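Observations on chain architecture
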Amino acid sequence: MEDRLTGRGAQALVLALASILLLARLGGIDLWAPDEPRYAQIAEEVRAFERGPASAVLLTLNGHPYDQKPPLYFCLAALAGAAGGRVTETAARLPSALAGIALVALVLAWGSRLFGRCAAALGGAILATAVLFPYMARRTQIDLVLALFESLALLGFWRADRGIGSRRASLALLHASMGLAVLTKGPVGLLVPSLVIVAYLVWERRPAALRAVFPPWGLALSLLPGILWVALAIALAPQGFFEGAVVENLYGRFFLGTSKANPWYFFFGVFPLDFLPWSLLWPVVWIVGRREIFAPGAPDEPRRTWRFLLAWVVVTFVFFSISTGKRNLYLLPCYPAVALLCGDAAYRALRRLPALPRAVGRSAAGLAIAIGTAALAAAALPLFPGVDVPFAFAAAVIAALAAGAALWRGAAIRGMGALGQLAAALVATFAVELSIFTLLFPALDAQKSPRPLALAAAALSPPGTPIGVVEQSPVVGGIAYYSHRPVAEVAYADDLRSFFDGGGRVAVIREQAFERVHGEQYAEIRARVRSGKRATLVVTPRTSIRGPAASAEATTMTAESDGAAAVRP
């Protein structure tokens, strides 16, 4: 099995399977709230280019300045949608998916140089199938693009530090990539790679080498793009942009937890879950590291490489653990390092084993049975209200698990060893995840997409007429994107009546909020989307309040929009 994994064909297969996993039916489901439709709407406003080049500098959402993120991802999505005349679901997700594929390719190429092609192939396959990675790579999310630029920056440093190729070109790669990372998600794109480099060189007892890594011309590449963007955005934006974009957004998120506040131990729980099933290999990494890599008398080069990868992981983990605001996707930039460590450790530990221990095989069989049973139950039983899981999903999962079991058994019979059995588990994981993305997720679309709500509201308002969004800032992007209408945010449900008195024609509001303010006294429910606590209403003012003229107009609009308003479950 070792020989079969050392060829370029195995790496090409891993890259091909990763591309299928990340691109298959990429636009097959709607944009899911809250982030995806918001980001797609911002990218669409960039593509529209209504303000000329300023559209790519000062981002807008619903026509208002957006100060939460730098512009690079949105410009890439706008470019992807330019040919079709709109940033579609596929175009909005394409930068993230392509960044994911590029990261797998980077792990394959870099890992081949660090550990050999077999360990690199395992690392690439582990990265592609670690549960959070493909999920985020198939979404309109900034963090995969950030992870790509941070990884390229660290690759540039490693090449310069190890004397591979032109030192000047490697440093240019380091600093240009950090500059692009800053344009993707702000200062974190510069801080985290720089701290990784500092930690590694200190661990290596070579802190004096830092000066050569950060020459003045290199700092210009890494710092000037972000500074130039902030300066131009401030010049174009109304007063208060700097405070919102830099002070409140960065300082508030990191130190005050103004968004996604979580305790310091948050990542200790979510990181192992998000890297499943390959976090099960982490004990192997520990054992191999202690017994082989860091053992007395062990070769220097593998030890140096592991130190670098461990510094990459630990610094990223500690940095975001210190931050008050935390999301599980913040750790995505260290996933390539974790995958390389797992790939090398698994290769070193399993290459001489004729088979995995029986306890591992039994555990894998039990896990497969549990997954297959869960898939069958999801299709046969009403486990999810309003969701009709197709039996094709359960059949595909069971077939994938059966194929994985057959490959596992075949690896043992043909003498392919423990590495062959691990490869069988990787193939089964890929097939199960592909089934989830292409068969299960479309069944969840109606519950996750803002499209039905947006279309119901759009059917009751002429083009150009604002739709009121009450106490639901996160859905503004989704309503604007799918309704093709401007959105008027109504901060409090108590202000709904004032919105209608001021000429508003239609609004969306949570059913609980509508009942709380006794909205039935002055508003009429025209559509109801979802159920339970997430039930959201589309409401219009009662005709008796708007007067005879408004009543006649509302009647005409209702007649014209009966089909679209009938989206009520």
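Sequence order as written defines the numbering, with residues in each chain counted from 1. pLDDT decides what is reported in this predicted model: residues at 70 or higher carry local features, side-chain atom pairs at 80 or more are listed and counted, and totals for whole chains, interfaces and linings draw on all residues regardless. Only heavy atoms go into the side-chain values, all of them from the structure, while hydrogens and water stay out.

Bringing the overall build of the chain into the picture now. Secondary structure assignment for the chain yields 27 helices and 7 strands. Taken over C-alpha atoms, the radius of gyration comes to 26 Å for the chain, in line with the 25 Å a tight globule of 569 residues would show. In terms of its C-alpha atoms, the chain occupies a principal-axis envelope of roughly 90 × 60 × 45 Å. Going through the 569 residues of the chain one by one, you find that 53% of them count as buried. Whether two residues are in contact is decided by their heavy atoms: any pair within 4.5 Å suffices. Within the chain, contacts between residues at least 6 apart in sequence are counted, and of these 73% link residues at least 24 apart. Using a 1.4 Å probe, accessible areas were evaluated by the Shrake-Rupley method; residue-level cover was limited to the displayed protein chains. Surface summary for the chain: the accessible area is close to 24600 Å², and the carbon and sulfur share equals 64%. Of the charged side chains in the chain, 52 are positive and 36 negative; the average position of the first set lies 11 Å away from that of the second. Helix and strand assignments come from DSSP, with helices taken as H or I runs of at least 4 residues and strands as E runs of at least 2, each series counted from the N terminus. Atoms considered for the radius of gyration are the C-alpha atoms alone. The globule rule reads 2.2 Å times the number of residues to the power 0.38. Whether a residue is buried, partly exposed or exposed follows from its accessible area with a 1.4 Å probe, protein chains only, as a fraction of its type maximum: under 20%, in between, or over 50%, in that order. When charges are counted, neither His nor the chain ends are considered; positive counts come from Lys and Arg and negative counts from Asp and Glu. Where a charge sits is defined by one atom per residue type, namely NZ (Lys), CZ (Arg), CG (Asp) or CD (Glu).

Right, let's talk about the side chain of Asn 62 for a bit. With respect to the helices, strands and loops of the structure, Asn 62 is situated in the loop between strand S1 (60-61) and strand S2 (64-65). Looking at Asn 62, the relative accessible area reads 14%, which means it is buried. Excluding residues within four positions of it along the chain, Asn 62 makes contact with Glu 45, Val 476, Pro 486 and Val 487.

Right, let's talk about unusual backbone geometry for a bit. Leaving glycine aside, a negative phi is the common case for residues, and trans is the common case for peptide bonds. In the segment running from Ala 33 into Pro 34, the intervening peptide bond is cis, with an omega of 5°. Inspection of the secondary structure puts Pro 34 in the loop between helix H2 (8-23) and helix H3 (35-48). The residue after Leu 276, namely Pro 277, is reached through a cis peptide bond having omega 0°. The phi dihedral of Asn 62 falls on the positive side, at around 60°, and the residue is not glycine.

This part is about the environment of Tyr 200. Note that Tyr 200 resides in helix H10 (residues 188-203). The class of Tyr 200 is buried, set by a relative accessible area of 0%. In sequence terms Tyr 200 and Leu 309 are 109 residues apart; their C-alpha atoms lie 8.8 Å from each other. Here Tyr 200 is in contact with Phe 157, Trp 158, Asp 161, Arg 206, Arg 304, Arg 307, Phe 308 and Ala 311, once residues within four sequence places are set aside.

Attention now goes to the packing of H2 against helix H20 (residues 417-448). Two packed helices can be described by the angle between their axes and the distance between those axes. Fitted lines through C-alpha atoms give the axes, limited to the stretch in contact for helices. The angle between two N-to-C directions lies from 0 to 180 degrees. Between H2 and H20, the least distance of the axes is 9 Å, while the angle of their chain directions is 20°. By the angle class used here, H2 and H20 are roughly parallel. Helix-helix and strand crossings are classified by hand; for H2 and H20 the assignment is left-handed. Mapping the contact onto sequence places Leu 17, Ile 20 and Leu 21 in H2 and Phe 430, Glu 433, Leu 434 and Phe 437 in H20. A per-class count over the contact of H2 with H20 returns 6 nonpolar, no polar and 1 charged. Between 65 and 115 degrees an angle is taken as roughly perpendicular, under 35 as roughly parallel, over 145 as roughly antiparallel, and anywhere else as oblique. By convention the crossing between two helices is left-handed if the near helix lies anticlockwise of the far one by an angle smaller than a right angle, and right-handed if it lies clockwise. Classification convention: Asp, Glu, Lys, Arg as charged; Ala, Val, Leu, Ile, Met, Phe, Trp, Tyr, Cys, Pro as nonpolar; all other residues, Gly among them, as polar.

Before going further, it helps to examine the packing of aromatic side chains. Ring pairs are drawn from Phe, Tyr and Trp, using the six-membered ring of Trp, whenever the two centres fall within 6.5 Å, and their geometry is named by plane angle: stacked under 30 degrees, edge-to-face over 60, tilted for the rest. A complete count under the given rule lists 31 aromatic pairs for this structure. Centroid distance Trp 110 to Phe 308: 6.1 Å. Interplanar angle 55°. Geometry classified as tilted. Placement of the pair is Trp 110 in helix H5 (residues 89-115) and Phe 308 in helix H16 (residues 300-322), with a sequence separation of 198 residues. By the burial criterion, Trp 110 is buried, and Phe 308 matches it. Three or more aromatic residues joined by ring pairs make a cluster, and in this case those are Trp 264, Tyr 265, Phe 266, Phe 267, Phe 268, Phe 271, Phe 275, Trp 282, Phe 317 and Tyr 335. Residue placement shows Arg 86 over the ring face of Tyr 481; its charged tip is 4.1 Å from the ring centre. Any Lys NZ or Arg CZ found within 6 Å of a ring centre and within 35 degrees of that ring's normal is scored as a charge over the ring.

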